[in-house]
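Structural characterization, general
Now for the letters of each chain:
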Amino acid sequence: LDSFLDMSIVRNAEISPPGTHVAWKDFRNDIEEDRQIEQLSVAAVDGGEPIRLTRGEQSVGDYEWSPDGRWLLFTRDGAVHVLRVAGGAAFELELEGPEVARILRFAPDGRALFFLAGAEEDDWAEAREESFGDYTVFREEGDYAHLWRQGLDADMDADGDAEALTEGENFSVTSFAVSPDGA
């Protein structure tokens, strides 16, 4: 049983849009810390050694290839990180407005990223806590997932502020698809 629990398992493998690389998440159990860890790896489809792209104690969440296959975007602790597949350190994509991003999808031209996230918390949460104390609130504004769009420049930096495409407390977006024309 111990050798089974120590195994690394490949999950969520995806071939890059140009077909040159494959990325996947390595899943493993951390028995001592009673948690599961997923890290991102990549390899050329024509052979070669796999390369571990992420490390550390925090798991990688969703990831997405750029349409040209040069970049991988991934989530970690709700933040979006950008990594050039050819090498280099990952950097965080600065998103103004949304909180805890997940389910990443590029526009077909690579100039925008669509994702799900809650709204940024406002000062009302602090005021509520001052007045009523610390307690758990279910289904309040900010816990609803909505669709956002973030423009991107050629270096995968944010181009302007993120724009909420849906909003409100009457529904939560659970999945979406980007149309072939990106509209």
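So, a few notes on the structure that sits alongside this text. (Residues numbered from 1 in each chain as written. Predicted model: local features only at pLDDT ≥ 70, side-chain atom pairs only at ≥ 80, totals over all residues. Heavy atoms only, no water.)

Attention now moves to the overall build of the protein chain. Check the secondary structure of the protein chain and you find two helices and 12 strands. Ordered by position in the sequence, the α and β elements of the protein chain form the string α-β-β-β-β-β-β-β-β-β-β-α-β-β. Burial analysis of the protein chain (183 residues in total) assigns 37% to the buried set. Sequence-distant contacts in the protein chain: of pairs separated by 6 or more residues, those separated by 24 or more amount to 41%. With an accessible surface of roughly 10900 Å², the protein chain has 47% of that area assigned to carbon and sulfur atoms. (Helix = DSSP H or I, 4+ residues; strand = E, 2+ residues; numbered from the N terminus. Buried < 20%, exposed > 50% of the residue type's maximum accessible area, 1.4 Å probe, protein only. Contact = heavy atoms within 4.5 Å. Areas by Shrake-Rupley, 256 points an atom, 1.4 Å probe, with all protein chains shown as cover.)

What follows covers the nonpolar core. Taken as a class, soluble globular proteins show a tendency for nonpolar side chains to be buried jointly. In terms of nonpolar packing, the biggest core is built from 16 residues, with Leu73, Val80, Leu93, Leu113, Phe115 and Met156 touching the most fellow members. Listed by contribution, the elements that provide at least two residues to this core are β6 (71-76), β7 (79-84), β9 (98-106) and β10 (112-119). Setting aside residues no more than four positions away along its own chain, Met156 makes contact with Trp71, Leu73, Val82, Phe91, Leu93, Phe106 and Gly110. Among the nonpolar cores identified, the runner-up in size contains 10 residues, and Ala23, Leu40, Val60 and Leu72 belong to it. (Core = buried A, V, L, I, M, F, W, Y, C linked by side-chain atoms within 4.5 Å.)

Summarising burial for β7: five of the six residues are buried, a large majority. As judged from the six bridges shared by β6 and β7, these two strands associate in the antiparallel manner. When the bridges of β7 are listed, Arg76 appears paired with Ala79. Where β6 hands over to β7, the hairpin turn is made up of two residues, of which Asp77 adopts a positive phi near 55 degrees. The sheet contact formed by β7 and strand β8 (residues 91-92) spans two bridges and is antiparallel. Looking at β8, one finds that Val82 is bridged to Phe91. Linkage of β7 to β8, two consecutive antiparallel strands, is achieved through a turn of six residues, within which Gly87 is found at a positive phi near 135 degrees. (Pairing = 2+ DSSP bridges.)

This paragraph deals with the sheet that holds strand β5 (residues 63-65). Taking strand neighbours across the sheet as the criterion, the four strands line up as β5-β6-β7-β8 in an open arrangement whose pairing is antiparallel. The sheet terminates laterally at β5 and β8, the two strands that pair on one side only. For β5 and β6, the ladder comprises three bridges, and the chain directions are antiparallel. Each bridged residue has a counterpart across the sheet, and for Glu64 the counterpart in β6 is Leu73.

Next up on the list: the pattern of salt bridges. If you walk through the whole model with that rule in mind, you get five salt bridges. Measuring nitrogen to oxygen at the nearest pair gives 3.2 Å for the salt bridge that ties Glu38 to Arg11. With a gap of 27 residues between them, Glu38 in strand β3 (residues 35-44) and Arg11 in strand β1 (residues 9-15) connect regions that are remote in the sequence. Glu64 is paired through a salt bridge with Arg105; the nearest N and O atoms lie 3.6 Å apart. On the criterion of sequence distance, the pair formed by Glu64 in strand β5 and Arg105 in strand β9 is long-range, its members being 41 residues apart. Judged by relative accessible area, Glu64 falls into the buried class, the value being 13%. Taken together, the shared-partner salt bridges connect Arg11, Lys25 and Glu38 into one network. (Salt bridge = Lys/Arg side-chain N within 4 Å of Asp/Glu carboxyl O.)

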